[in-house]
Amino acid sequence: MVYEGMVYESEEDAFKKYNEFARKVGFSVRKDKIYKRVYGSIRSRMFVCFKQGLRKEDKRCKNTIKVRNELRTDCKARMIIKNEEDEWTISEIVYEHNHVLATPSKAYMLRSQRKVKDVHLAEIESLNAAGITLVEGFNYMVHQAGGRQNVGITYVDYKNALCKRREEELKKGDACTIMEYFVK
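Computed from a predicted structure; not experimentally measured.

**Q** Looking at this structure, how should I read a nonpolar patch on the surface?
**A** A cluster of nonpolar residues, Leu 170, Ile 178, Tyr 181 and Phe 182, forms a patch on the protein surface that exposes about 450 Å² of accessible area. Ranked by the residues each element gives to the nonpolar patch, the list is headed by helix 6 (residues 174-183), at three residues. Looking at where Tyr 181 falls in the secondary structure, it is placed in helix 6. Taking the relative accessible area as the measure of exposure, Tyr 181 reaches 60% and is therefore exposed.

**Q** Even after reading the chapter, I still don't get the pattern of salt bridges, so can you show me in this structure?
**A** Opposite charge on two side chains lets them pair, provided their charged atoms get close. Enumeration over the complete set of coordinates arrives at six salt bridges. As a salt-bridge pair, Lys 76 and Asp 74 come within 3.3 Å of each other at their nearest N and O atoms. Residue Asp 74 is classed as partly exposed on the basis of its relative accessible area, which comes to 27%.

**Q** Even after reading the chapter, I still don't get the sheet that holds strand 1 (residues 7-8), so can you show me in this structure?
**A** With antiparallel pairing, five strands are arranged side by side in an open sheet as 1-5-4-3-2. Here the strands that pair on one side only, and so sit at the sheet edges, are strand 1 and strand 2 (29-36). In this structure, strand 4 (residues 78-84) lies alongside strand 5 (residues 87-94), joined through seven bridges in antiparallel fashion. Across the sheet, residue Met 79 finds its bridge partner in strand 5, namely Ile 93. Taken strand by strand, helix 1 (residues 11-25) contacts strand 1, strand 2, strand 3 (42-49), strand 4 and strand 5, and its axis lies near 150 degrees from that of strand 2.

**Q** Any chance you could explain the domain arrangement of the protein here in plain terms?
**A** Interfaces are often described in size by the accessible area the parts lose on coming together. On domain assignment, one finds that the protein holds domain 1 (1-106) and domain 2 (114-183). Computed over C-alpha atoms only, the centres of domain 1 and domain 2 are separated by 30 Å.

**Q** Just to check I follow, could you spell out unusual backbone geometry for this structure?
**A** Comment: phi is negative for the bulk of residues other than glycine, and the bulk of peptide bonds are trans. The residue Asp 74 is not glycine, and still its phi comes out positive at about 60 degrees. Within the fold, Asp 74 resides in the loop between strand 3 and strand 4. Backbone geometry places Asp 86, a non-glycine residue, at a positive phi of 60 degrees. If you trace the backbone, Asp 86 turns up in the loop between strand 4 and strand 5. Asp 86 sits in the exposed class, given a relative accessible area of 64%.

Calculation criteria
- Residues numbered from 1 in each chain as written.
- Predicted model: local features only at pLDDT ≥ 70, side-chain atom pairs only at ≥ 80, totals over all residues.
- Heavy atoms only, no water.
- Patch = residues over 30% accessible without salt bridge, like charges linked within 9 Å, V, L, I, M, F, W, Y side chains within 5 Å.
- Areas by Shrake-Rupley, 256 points an atom, 1.4 Å probe, with all protein chains shown as cover.
- Salt bridge = Lys/Arg side-chain N within 4 Å of Asp/Glu carboxyl O.
- Helix = DSSP H or I, 4+ residues; strand = E, 2+ residues; numbered from the N terminus.
- Buried < 20%, exposed > 50% of the residue type's maximum accessible area, 1.4 Å probe, protein only.
- Pairing = 2+ DSSP bridges.
- Contact = heavy atoms within 4.5 Å.
- Axes fitted to C-alpha atoms, helices over the stretch in contact; angles between N-to-C directions.
- Domains from an automatic or database assignment.

Now the structure itself:
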């Protein structure tokens, strides 16, 4: 449980605790507004429910055929922390949501709850090195874990982690990496 007046050592620690609370309740968290002092240090930070706010009208194209679904409901749930002498204190917290919350069995699928761990990354890399396709590799991980709920990541997370790793490899040495790829 998080409440007004709680003190944390860092901004990340406060976010981590609020995210743990959010998982138990059934919502996802995102970092929102940040207020800085004149000389650049952070004065306060706001963490909000992922359904906070409303999407602005897209000004680029009036003839849109397929409009994306609106996920946001202008939820007011939030936590504001203030930084005073390297102590982060919860100055305001709003618990009420205006939308249906996820059940504990589905909370693992919320965006702020999913993290690609080093164990996942190592397995993704080894499956990729063995020449296994993305879909087959993810299905293998699901089978090994005993179900999607036990993997801790989605297929999109799997795919993005592999793409990010490939980008990192290309930055090391473009020509060498491409040559190794063609040799494989």
